[in-house]
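Here is how the chains run, residue by residue.
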Amino acid sequence: MKYFKITVRKLFSLLFNRITYHFFWKKINVSRAGKTLLPGITAVVSAKNEEYLIPMCLRSLVGFADQVVCIDNGSDDRTHEEMLRFKEEFGDKMEIDILSMPRALLGECREAGLKATRFQWHLRWDADMIAKTSGADDFKIMRKMAIDNPYPIAYQLARTNIYGDLRHTTKMYEIHDPGEPILVRFCSRIRYVEYGKFDTIKLPLFYKTVLIEKKFYFHCNCVKPDSRLFYRNIYFDWRELC
């Protein structure tokens, strides 16, 4: 069944991707509020108790995103303060919105990010992701690729996973994996759905998914305090059960 759906999606995207753009995109190319989307990229970052990584995470988006929506999911450390500091330092270079959503579910935070999106591209950026900002893998290369492409596309970005810390890691997990579709040409019809422990973006059938194998960012999967790792493990188990 899974492969049947994948095949159907590929056929639909092949047949209707460009047709949809040419004939219907003006109706689709609007925000959730019904306003015409601006050229550029909106990055949405949801975080809870991520004061260790959130400064690097947000700073790595400078020069890539035109709008950053920071969602504090009820932190009791300095995560919110770091978001405010980021806005104070870089608010003249991009639009920065800070939302406070204590006790909200992750899916509700994702939905709030979609509602706040004002630009043509939507980037789902987690607090443990850090983009590369120079050299051959500079994330701004990916920005140009997206901005220059007007069609309804979802870019699936491969990633480099970091477990432990920069000096200690593990061979139990893949260091590189194909990642997920996280950079998407926005339309009001996209949404997030939950599958067991995790969530993924749900796209209309006419969207084309493109895998980018170049590693533009680090996924600092387990570079967190022990208490945070314990909480996250319990939280994901709870999501799967409930």
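Residues numbered from 1 in each chain as written. Predicted model: local features only at pLDDT ≥ 70, side-chain atom pairs only at ≥ 80, totals over all residues. Heavy atoms only, no water.

Undergrad: It is not clear to me how the state of the cysteines should be interpreted in this structure. Could you clarify?
TA: Should the sulfur atoms of two cysteines be covalently bonded, the bond is a disulfide. If you walk through the whole model with that rule in mind, you get zero disulfides. Of all cysteine sulfurs in the structure, the one in Cys-57 sits closest to Cys-70, which takes part in no disulfide; the separation is 8.2 Å. (Disulfide = S-S within 2.5 Å.)

Undergrad: What's the story with the nonpolar core in this structure? I'm lost.
TA: The tendency in soluble globular proteins is for nonpolar side chains to be buried as a group. With 35 residues, the main nonpolar core has Leu-123 and Trp-125 as its most contacted residues. Ranked by residues supplied to this core, first place goes to strand S1 (residues 38–47) with four residues. If we skip the residues at most four places from it in the chain, Leu-123 touches Ile-41, Thr-42, Ala-43, Val-44, Leu-61, Phe-64, Phe-139, Ile-182 and Leu-183. By size, the runner-up hydrophobic cluster in this structure holds 13 residues, among which are Leu-37, Phe-186, Ile-201 and Phe-206. (Core = buried A, V, L, I, M, F, W, Y, C linked by side-chain atoms within 4.5 Å. Buried < 20%, exposed > 50% of the residue type's maximum accessible area, 1.4 Å probe, protein only. Helix = DSSP H or I, 4+ residues; strand = E, 2+ residues; numbered from the N terminus. Contact = heavy atoms within 4.5 Å.)

Undergrad: Can you walk me through the pattern of salt bridges in this structure?
TA: Pairing is possible between side chains that carry opposite charge, provided their charged atoms lie close to one another. Enumeration over the complete set of coordinates arrives at 16 salt bridges. Between Arg-85 and Glu-82 there is a salt bridge, with its nearest N and O atoms 3.8 Å apart. Taken as a pair, Arg-85 and Glu-82 lie in helix H3 (residues 79–90) at a separation of three residues, close to a single helical turn. Take Arg-85: its relative accessible area is 45%, and that puts it in the partly exposed class. The buried category is assigned to Glu-82, whose relative accessible area is 14%. Residues Asp-148 and Lys-144 are paired through a salt bridge, measuring 2.7 Å at the closest nitrogen-oxygen approach. Residue Asp-148 is classed as exposed on the basis of its relative accessible area of 51%. Shared partners join several salt bridges into a network, and the residues in it are Arg-110, Arg-124, Asp-126, Arg-159, Asp-177 and Glu-180. (Salt bridge = Lys/Arg side-chain N within 4 Å of Asp/Glu carboxyl O.)

Undergrad: Just checking my understanding: could you explain the packing of aromatic side chains for this structure?
TA: Centre-to-centre distance and the angle between the planes together describe a pair of aromatic rings. With the rule as written, the count across this model stands at seven aromatic pairs. Considering the side-chain rings of Phe-86 and Phe-90, the 5.3 Å spacing of their centres and the 40° angle between planes classify their relative orientation as tilted. You can see Phe-86 and its partner Phe-90 sitting in helix H3, four residues apart, about one turn around the helix. Side by side, Phe-86 and Phe-90 carry an identical accessibility label, which is buried. Of the aromatic side chains, those joined through ring pairs into one cluster are Phe-64, Trp-125, Phe-139, Phe-216 and Tyr-217. Lying across the ring of Tyr-192, Arg-110 places its NZ or CZ 5.8 Å from the centre. (Phe/Tyr/Trp six-rings, centres within 6.5 Å; stacked < 30°, edge-to-face > 60°. Lys NZ or Arg CZ within 6 Å of the ring centre and 35° of its normal.)

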